[in-house]
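# Observations on the three-dimensional arrangement
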Amino acid sequence: MVRTGLRLILGGEPDLELAGEAEDGRRAMKVIDELRPDVVLMDIRMPVQDGLVTVELLRALPDPPRILVLTTFDADDMVLRALRLGADGFLLKDTPPPKMIEAVRAVARGEPVLSPDVARRVIAAATGRSEPQRPDARREMARLTEREREVAVEVARGGSNAEIAERLHMSVATVKANVTRIFAKLETENRVQVAMKVRDAGLL
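What counts, and at which threshold
Residues numbered from 1 in each chain as written. Predicted model: local features only at pLDDT ≥ 70, side-chain atom pairs only at ≥ 80, totals over all residues. Heavy atoms only, no water. Buried < 20%, exposed > 50% of the residue type's maximum accessible area, 1.4 Å probe, protein only. Helix = DSSP H or I, 4+ residues; strand = E, 2+ residues; numbered from the N terminus. Pairing = 2+ DSSP bridges. Right-handed = clockwise from strand over helix to strand, strands pointing away. Axes fitted to C-alpha atoms, helices over the stretch in contact; angles between N-to-C directions. Parallel < 35°, antiparallel > 145°, perpendicular 65-115°, else oblique. Contact = heavy atoms within 4.5 Å. Nonpolar A, V, L, I, M, F, W, Y, C, P; charged D, E, K, R; others polar. Arc of directions from axis to C-beta. Core = buried A, V, L, I, M, F, W, Y, C linked by side-chain atoms within 4.5 Å. Salt bridge = Lys/Arg side-chain N within 4 Å of Asp/Glu carboxyl O. pLDDT = per-residue confidence, 0-100.

### Details of the pairing of strand β1 (residues 39–43)
Each regular strand carries side chains that alternate between the two faces of the sheet. Burial analysis of β1 places four of its five residues in the buried class, the great majority of the element. Here five bridges tie β1 to strand β2 (residues 66–71), and the two strands are oriented parallel to one another. Counterpart to Val40 in the pairing with β2 is Ile67. Between the parallel pair β1 and β2, the chain is carried across by helix α3 (residues 51–59), and the sense of this crossover is right-handed.

### Here we look at the packing of helix α9 (residues 161–168) against helix α10 (residues 172–186)
Running from N to C, α9 and α10 cross one another at 110 degrees; their axes reach a closest spacing of 8 Å. With respect to each other, α9 and α10 are oriented roughly perpendicular. Contacts between α9 and α10 pair Asn161, Ala162, Ile164 and Ala165 from the former with Val172, Val175, Lys176 and Val179 from the latter. A per-class count over the contact of α9 with α10 returns six nonpolar, one polar and one charged.

### Points about α9
Burial in α9 covers these residues: Asn161, Ile164, Ala165 and Leu168. End-on, the buried residues of α9 take up no more than an arc of 100 degrees, which puts them together on one face. Residues of α9 that are buried in the fold lie against α8 (146–156), α10 and α11 (191–200). Trailing α9 by a residue or two, His169 shows a phi angle of about 55 degrees, which is positive.

### Let's talk about the sheet that holds β2
Backbone-to-backbone hydrogen bonds pair the strands of a sheet. The strands run either parallel or antiparallel. In spatial order, the strands read β1-β2-β3; together these three strands make up an open sheet with parallel pairing. The sheet is open, and its two borders are formed by β1 and β3 (89–92), each paired with just one other strand. Shown here is a sheet whose adjacent strand axes are inclined to one another by a mean of 30 degrees, direction ignored. Along the sheet, helix α5 (residues 97–108) contacts β1, β2 and β3; its crossing angle with β2, the most-contacted strand, is approximately 150 degrees.

### A short note on the nonpolar core
Of all hydrophobic cores here, the largest spans 20 residues; its most connected members are Met141, Val151, Ala152, Ile182, Val194 and Val198. When residues of this core are traced back to their parent elements, those giving at least two are α7 (135–141), α8, α9, α10 and α11. Element by element, the count of residues in this core is highest for α8, at five residues. Residues in contact with Ile182, not counting those within four places in the same chain, are Leu144, Glu148, Val151, Ala152, Glu187, Thr188 and Val194.

### Concerning the pattern of salt bridges
Following the criterion strictly, the structure yields 12 salt bridges and no others. Put simply, Arg7 and Glu21 hold a salt bridge, and the shortest N to O gap is 2.7 Å. Here Arg7 is found in helix α1 (residues 2–10), whereas its partner Glu21 is found in the loop between α1 and α2 (25–35), with 14 residues between them in sequence. Overall, Glu21 belongs to the partly exposed group, its relative accessible area being 36%. The partner of Lys185 in a salt bridge is Glu148, with the nearest N and O atoms 2.8 Å apart. With Lys185 in helix α10 and Glu148 in helix α8, this pair connects stretches of sequence that are 37 residues apart. For Lys185, a relative accessible area of 27% puts it in the partly exposed group. Residue Glu148 is classed as buried on the basis of its relative accessible area, which comes to 2%. Each of Arg3, Arg7 and Glu21 takes part in one network of salt bridges that share partners.

### What to know about the confidence of the model for the protein
Any residue range with low pLDDT should be treated as having predicted coordinates unsuitable for detailed reading. In this model, the protein carries an average pLDDT of 81, and 86% of its residues clear a pLDDT of 70 or more. α10 holds the highest mean pLDDT among the elements of the protein, 93, whereas helix α6 (residues 116–130) holds the lowest, 53.

### Observations regarding the environment of Pro37
Inspection of the secondary structure assignment puts Pro37 in the loop between α2 and β1. Between the C-alpha atoms of Pro37 and Pro65, which are 28 residues apart in sequence, the distance is 6.4 Å. Once residues lying within four places of it in the same chain are set aside, the contact partners of Pro37 are Ile32 and Pro65.

Given below as structure tokens:
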């Protein structure tokens, strides 16, 4: 039923091509290897091989696709694990179709989906319930300059580069440069992973 709904939502968009689908994680690995899609919508709960294992295996590939995890609020702990494994963001299964379409486009452009209203709620619930502040995360954040920490916190709050520039009275180019340095210093690959480390360090 979920795959049928996604076909209906995504199939009619002229700039999106629905390359393929799979009923479980193991089959998904084969389909992805054959078709090389740009974006994968990955359910967490699947038979044979679940989405978390599949995300981890995909991220280990030399040129992995972008990964959007599909979830519900009752899977907060799994969402957190998926983000730590390198997923580029996540969508709730009841996301309105226009927002789901735009999320796929955004991830395809290399803009990980971290919705301020949804992502902050899930991340805060998952981290707050499952683990305390981590000393290693605080040490990692100490590598950043004061300005870079300010930018990292705004990233964790879900701000786009333009929104961060406005809030911190910086140019968009300066924000981009700061984000690049943050990725390098924190050894992260995307904004979602930065948000995890900011949260773990107790900066939100």
